[in-house]
Every structure is written in C-alpha cells, then in structure tokens.
Amino acid sequence: MDSTRDQVVRIQADACWEKIMIITIDGPAGAGKSSVARGLADRLGFHFLDTGAMYRAVACAGIERNIDFQDSGALEQLARSLDIRWIEGRLLLDGRDVTDAIRSLEITGMTRHVADHPGVRAHLVQLQRATAVGRNVVTEGRDQGTVVFPDAQCKFYLTASPEERARRRQRDLEAQGDTRSFEEILAAQEERDTRDRTRSIAPLRQAADAIEVNTDGMSQDEVVDRLAEIVLELSRRYRP
Ligand code: C5P
C-alpha cells in the first residue's frame, strides 16, 4: 500500500509528465543506486531498469554453460543468444527468474569479464535502449547518463565514501550469512571501482550534466525523497 507521501508525489508527477522522461542514476558500487532507483521508480510510477543485473545475467549463463570467459567470440555469441528481460521488477533469463541468484559472489567475480567486452556491451546497450522506448524509466548503472541515455532529462550521480559503501555491503553480506571482514570487502570494492573507472569502453564517470548526491549518513528513504523532489522540480521547469 502506498503511503500518503507516495500518493502525493505520484499525483504531482502525473501532472508533470507530458512527455516520456528518462532518469539515469550512475555511481560506484555500493552507493545504493539499485535500491534507490527501485524506490524512486515506485514513487513516481516509472519503469525500473537495473543494468548491472543484465551484465550479471550474462555471467550467470556463462558459468552455468561452462563457457570460457577468455573466449571473446563465445562470450559475445552467448550474450546475443540470451533472452534477458525485466518483468515487474524481476529479471528473467530465458524465462527464469534470476533476480536473487545473480547476486552471488561467484557471479559478481565473473561479471567483470562481461562488462569489459565491447561486443557484449554494445548488445546490452541496445537492449537497455529498447526497454526504455515509449516508457518513463529510472535506470541505474555505470554508463547510463554518459553513454546509453546521453539525452536523459534528469541525471544523478550517487556517491558515498568508500568506508560507508563497504559498511553497507558488509551489512548485506552478513544478512546472507557471509562474515567477511570489513578490510576484505573494502579492498574488493576498491578493485572493482578502479576497474570500472579505468575501463577503455564506457568507464564510470559523472556526466557533465548529472547532479551529484552524496548519500553518506542518509537512509534510503531520505535519498529517494531528495531525488523525487529534484525530479519534480526539474519536470515543472520543462513544462511548456
Ligand atoms: O551494479 P552491479 O554491481 O550489479 O553491476 C555489476 C557489474 O556490472 C559492475 O561491477 C560493473 O562493472 C558492471 N556494469 C557496467 N555497466 C553498467 C552496469 C554495471 O559495466 N551499466
């Protein structure tokens, strides 16, 4: 059931959207993009797109089919053969719900091979754009505001200090029974950040027209509130 606040935002939002609106949320691992993007999409009545999950889905299929991740041709062929789609906030891989399974450490580790592959990226970017056609969308990832939707009306860059991001990750892992140390999580996160930022194709960076929001010390609801306020303000400005 929507809270009164959600209903008010929705009514205001309905009055504002006169044409399709794309909202992008990029940022480093652990900045809270996924839950915030989902919350914002719910709040506004928009479609939600988690693009990291699509890279993870390809890694998941590669592991299951035992493919050689160093074999560039095989990886691209695999990615192009898969049916990856978002239905009601769940990610379906060839019709199977893999939304939770793709969060495993093994899949997180192998996803970098998928994310570094230019052919796979080109294919997934095409799928992401196709998913957004004719819809109001909140999409999150690393390259949404810079590469995939450079003309998006509203772009956010979500950050938090490395320590805060690692603490959040540790809480999530503990909830799954994983007791890895804070130092280990921080080191793995730094490695992932460096890789995302230095990749030759579609590296993680803030789009020139993105609004930076530092989420240190903020709850997920507070971040969604802040973003929803900015979106409504911007959409009023765009109204004819
Ligand atoms: O956001 P998430 O952790 O699920 O992303 C998994 C991996 O996919 C990231 O480490 C990143 O390297 C990659 N990714 C990407 N481009 C995106 C989204 C994710 O390269 N748009």
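Residues numbered from 1 in each chain as written. Predicted model: local features only at pLDDT ≥ 70, side-chain atom pairs only at ≥ 80, totals over all residues. Heavy atoms only, no water.

> Got a minute to help me understand helix α9 (residues 182–198) in this structure?
An α-helical segment advances 3.6 residues per turn. Residues three or four places apart therefore align on the same side. If you check α9, its first and last C-alpha atoms are 24 Å apart, about what 17 residues at 1.5 Å a residue would give, namely 24 Å. Those residues of α9 that sit buried are F182, I185, L186, Q189, D193 and D196. The arc enclosing the buried residues of α9, seen along the axis, measures out at 95°, which places them on a common side. Within α9, the exposed residues directed more than 90 degrees away from the buried face are E183, E191 and T198. Of the surrounding elements, those touching the buried residues of α9 are α8 (162–175). (Helix = DSSP H or I, 4+ residues; strand = E, 2+ residues; numbered from the N terminus. Expected span 1.5 Å × (residues − 1). Buried < 20%, exposed > 50% of the residue type's maximum accessible area, 1.4 Å probe, protein only. Arc of directions from axis to C-beta. Contact = heavy atoms within 4.5 Å.)

> Quick question: what am I supposed to make of the pairing of strand β1 (residues 22–26) here?
Side-chain positions along a regular strand alternate between the two faces of the sheet. The element β1 is extensively covered by neighbouring structure, given that five of its five residues are classed as buried. Going residue by residue along β1, you find I22, T24 and D26 tucked away on one face and I23 and I25 tucked away on the opposite face as well. Here β1 pairs with strand β6 (residues 137–141) via five bridges, running parallel. Of the residues in β6, the one forming a bridge with I22 is V137. Sheet topology places β1 next to strand β7 (residues 154–159); four bridges connect them, and they run parallel. When the bridges of β7 are listed, I25 appears paired with F156. (Pairing = 2+ DSSP bridges.)

> I keep staring at the packing of helix α3 (residues 51–64) against helix α6 (residues 118–132) and nothing clicks. Help me out?
Relative placement of two packed helices is described by the angle separating their axes and the distance separating the axes. At a closest axis distance of 11 Å, the pairing of α3 and α6 adopts a crossing angle of 135°. By the angle between their axes, α3 is oblique relative to α6. The crossing of α3 and α6 is right-handed. Contacts between α3 and α6 pair T51, M54, Y55 and V58 from the former with R121, L124, L127 and Q128 from the latter. For the contact of α3 with α6, the residue count by class is five nonpolar, two polar and one charged. (Axes fitted to C-alpha atoms, helices over the stretch in contact; angles between N-to-C directions. Parallel < 35°, antiparallel > 145°, perpendicular 65-115°, else oblique. Left-handed = near helix turned anticlockwise from the far one by under 90°. Nonpolar A, V, L, I, M, F, W, Y, C, P; charged D, E, K, R; others polar.)

> For this particular structure, what's the right way to read the nonpolar core?
Buried together is how nonpolar side chains tend to be arranged in soluble globular proteins. Core analysis: the biggest nonpolar cluster contains 58 residues, and I23, I25, L40, V58, I84, L91 and L227 have the highest contact counts within it. Grouped together as the second largest cluster of nonpolar side chains are five residues, A166, L173, F182 and I185 included. (Core = buried A, V, L, I, M, F, W, Y, C linked by side-chain atoms within 4.5 Å.)

> Looking at this structure, I do not really get the side chain of R168. What am I missing?
Take R168: it is sitting in helix α8. The exposure class of R168 is buried, given its relative accessible area of 15%. A polar atom in the side chain of R168 sits 3.3 Å from the backbone oxygen of A31. In contact with R168, other than residues within four places in its own chain, are G30, A31, G32, A160, T215, D216 and M218. (Polar contact = N/O pair within 3.5 Å; in protein donor to acceptor, adjacent residues only side chain to side chain.)

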